[in-house]
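Overview (structure and organization)
Spelled out from the first residue to the last, the chains are:
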Amino acid sequence: MSQGDMKQPLLRSPRRPQGSLSDPGTDAPLVGILGTGDFSRSLAQRLLASGYRVVVGSRCPKRSSGLFPEEADVTTQQEAASQADLVFVGMFVEHYSTLSGLKEILAGKILVDVSNGMRINHDEPSNAEQLAALFPDSVVVKGFNVISAWTLQTGPRDGSRQVQLCGDNAVAKNSVAQLCRDMGFIPVDLGRLSSARDIENSPLRLFPTWTTPVLCALSLFLFFYLFNFLHDVLHPYITSGRNVFYKLPIDTVNVTLPAVAMVMLALVYLPGLLAAFLQLWRGTKYRRFPEWLDRWLQARKQMGLLAFLCAALHAVYSLCLPMRRSARYKMLDAAFRQVKEGRAVSWVEEEVWRMELYVSAGILALGLLSLLAVASLPSVGNSLNWREFTFIQSRLGYTALLMSTLHTLLFGWDRAFQPSQYHFYLPPTFMLALTLPCAVLLCRLALALPCVARRLARIRRGWERQRCIRFQLPEEERNGVEDISNV
């Protein structure tokens, strides 16, 4: 690479960072950066735009000076470390040893470790802890490792606003937290430096909150797909020799997706019902739920979005059904049979009404699911108060589940009572898909009974069955007072 190319930034942005890069003046706080990589360059631009003075320490100042804004002072590592009281260490952990000669210069100063590991760390010391061991006289704060160079350049409005921090010195953390706020980010204090391993592992985990919901959805899809294959494809081939394997790419998938969507949507509301029944059984809200139930409750958003995805895909597949070549052949065969039989009209009133009703119910269910999905977005959910958010996610959510159940019931119509629909003695797919949603709706109806709802409301307002006494008030003081009260 030529010397001219070396002076060009590796990370380019079509626009400058928010704020002006004019000279902040000699009274502005001075922040040091050790390292000249993409992150260090973006960090320098963001600090300058936020009103800070920046000094950058490099092993080759002349070569690196062209990579940074003119307002940044690019000098040697020794000079940068000696000038600033707060220093960002923007280099990989394997290069920390090259800073060993700066121990005396960095003594008593705040070092912000922004590094990440190459793999998830389960039991080894974190990068920040290794830096603290290398500089025992300095104060190490872990932070900014969850913010990308692109986010620093484009501004917090185009990326995550939260910066996770941890450290053993409260004063140092407050200084870094104030710097975060000045840069437009939101600091989140995660405690002592021992939490650095979790902070460093967080960018390396691929959708950690989605693992269980995705596995659940894939398992349900595989189960229903195999069930539909046995029921609708393999059965006619074995019993009558009809080859309908062409159904596997579209027909079988289209029958599988709504079943998965309904079960996933039911799984969104089932843990809340289980939690309510558990509180009723215990008679208190001050006992923790089992760990499996707690994790299930935390995964409801992801399950709901996966249910919406399956429902949307089902709608797209259904719209594509008439475009298939097989559908055209079937339409031509039906028309030929009708002409051959001499039938002028093929209208079946019952089938017409059935399809009109179940398609309408399906459209309403998908519309409600779309509203739930949009309301779960942080930008939308943060604009709603708690009552509005609860109304959408609970009331409208149960309405969406009810409409989905109605859509499936209308689709099935009377086929649940036809022996010809039970292939290999297996019920139709829609009957399996209805089992859990119907159970959830019945349980929700049971909790809505006045006697049950009142007791649950009292428990959630702090009443406890095992911590109450009975007392008798004088006749003139009984008006409006219950016979049972908390101690």
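Here the structure is a predicted model, which is why all the values come from computation and not from measurement.

1. Regarding the overall build of the protein
- Check the secondary structure of the protein and you find 19 helices and 10 strands.
- The proportion of buried residues among the 487 residues of the protein is 39%.
- Here the analysis covers contacts within the protein between residues at least 6 apart in sequence; of these, 71% occur between residues at least 24 apart.

2. A word on the packing of aromatic side chains
- According to the stated counting rule, one finds 10 aromatic pairs in the structure shown.
- Considering the side-chain rings of phenylalanine 221 and tyrosine 225, the 5.9 Å spacing of their centres and the 20° angle between planes classify their relative orientation as stacked. Here phenylalanine 221 pairs with tyrosine 225, and both are found in helix α10 (residues 211-240), just four residues apart, close to one helical turn.
- Consider the rings of tryptophan 292 and tryptophan 296, whose centres lie 6.3 Å apart with planes at 40°: the pair is tilted. Here tryptophan 292 and its partner tryptophan 296 are both found in helix α12 (residues 291-298), four residues apart, which amounts to about one turn of the helix.
- Exposure remark for tryptophan 296: the relative accessible area of 19% places this residue in the buried category.
- Residue placement shows arginine 458 over the ring face of tryptophan 463; its charged tip is 4.6 Å from the ring centre.

3. Remarks on the nonpolar core
- Residues Leu220, Met264, Leu265, Leu267, Tyr269, Leu372 and Val440 are the most contacted members of the largest nonpolar core, which totals 50 residues.
- For this core, the element with the most residues is helix α11 (residues 251-282), which contributes 18 residues.
- The contacts of methionine 264, once residues within four sequence positions are left out, are Pro213, Cys216, Ala217, Leu220, Met303, Leu306 and Ala307.
- Membership of the second largest hydrophobic core comes to 32 residues, among which are Leu48, Phe144, Val176 and Ala177.

4. Focus: the UniProt feature "transmembrane region" (unreviewed entry) in the protein
- Residues annotated by UniProt as "transmembrane region" (unreviewed entry) correspond here to residues 207-227, 255-281, 302-324, 357-375, 396-413 and 425-452.
- Taken end to end, residues 207-227 has its terminal C-alpha atoms 30 Å apart, with 81% of it in helix and 0% in strand.
- Strand forms 0% of residues 255-281 and helix 100%; the C-alpha atoms that close the span are 39 Å apart.

5. Remarks on the packing of α11 against helix α17 (residues 386-412)
- Taken N-terminus to C-terminus, the directions of α11 and α17 make an angle of 140°; their axes are 10 Å apart at the nearest point. By the angle between their directions, the pair α11 and α17 is classed as oblique. As α11 runs across α17, the sense of the crossing is left-handed. Contacts from Met262, Leu265, Ala266, Tyr269 and Leu273 in α11 reach Gln393, Ser394, Gly397, Tyr398, Ala400, Leu401, Ser404, Thr405 and Thr408 in α17.
- A per-class count over the contact of α11 with α17 returns eight nonpolar, six polar and no charged.

6. Focus: the packing of α12 against helix α13 (residues 300-320)
- Packing of α12 against α13 brings their axes to within 5 Å, and their N-to-C directions diverge by 50°. Here α13 runs oblique to α12, going by the angle between their axes. Note on element contacts: α13 touches α12 through Arg300, Gln302 and Met303, opposite Trp296, Leu297 and Gln298.
- By residue class, the composition of the contact of α12 with α13 is three nonpolar, two polar and one charged.

The rules behind the values
Within each chain, residues carry numbers counting from 1 in the order of the written sequence. Restriction of local features to residues with pLDDT of at least 70 applies here, the model being predicted, together with a cutoff of 80 or more for giving and counting side-chain atom pairs; totals for whole chains, interfaces and linings are based on all residues. Calculation of side-chain values draws on the structure's entire complement of heavy atoms; hydrogens and water are dropped beforehand. Helix and strand assignments come from DSSP, with helices taken as H or I runs of at least 4 residues and strands as E runs of at least 2, each series counted from the N terminus. The cut-offs for exposure are 20% and 50% of the maximum accessible area for each residue type, with area from a 1.4 Å probe on protein chains only; residues under the lower value are buried, those over the upper are exposed, and the others partly exposed. Contact between two residues is taken to exist if any of their heavy atoms lie within 4.5 Å; hydrogens are not considered. Under the pairing criterion, centres of Phe, Tyr and Trp rings, with the six-membered ring standing for Trp, must be within 6.5 Å; the plane angle then separates stacked pairs below 30 degrees from edge-to-face pairs above 60, leaving the rest tilted. Counted as over-ring charges are cases with an Arg CZ or a Lys NZ within 6 Å of the ring centre that also lie within 35 degrees of the ring normal. To form a nonpolar core, buried Ala, Val, Leu, Ile, Met, Phe, Trp, Tyr and Cys residues must be joined to one another through side-chain atoms within 4.5 Å. UniProt positions are given in the numbering used here, feature names are shortened, and annotations may be inferred rather than shown by experiment. Axis definition: a line fitted to C-alpha atoms, limited for helices to the stretch in contact. Angles are taken between N-to-C directions and run from 0 to 180 degrees. Any angle between 65 and 115 degrees counts as roughly perpendicular, while under 35 counts as roughly parallel, over 145 as roughly antiparallel, and the rest as oblique. Two helices that cross are described as forming a left-handed crossing if the nearer one is turned anticlockwise from the farther one by less than a right angle, and a right-handed crossing if clockwise. Polarity classes work like this: nonpolar for Ala, Val, Leu, Ile, Met, Phe, Trp, Tyr, Cys and Pro, charged for Asp, Glu, Lys and Arg, and polar for all others, with Gly in that last group.

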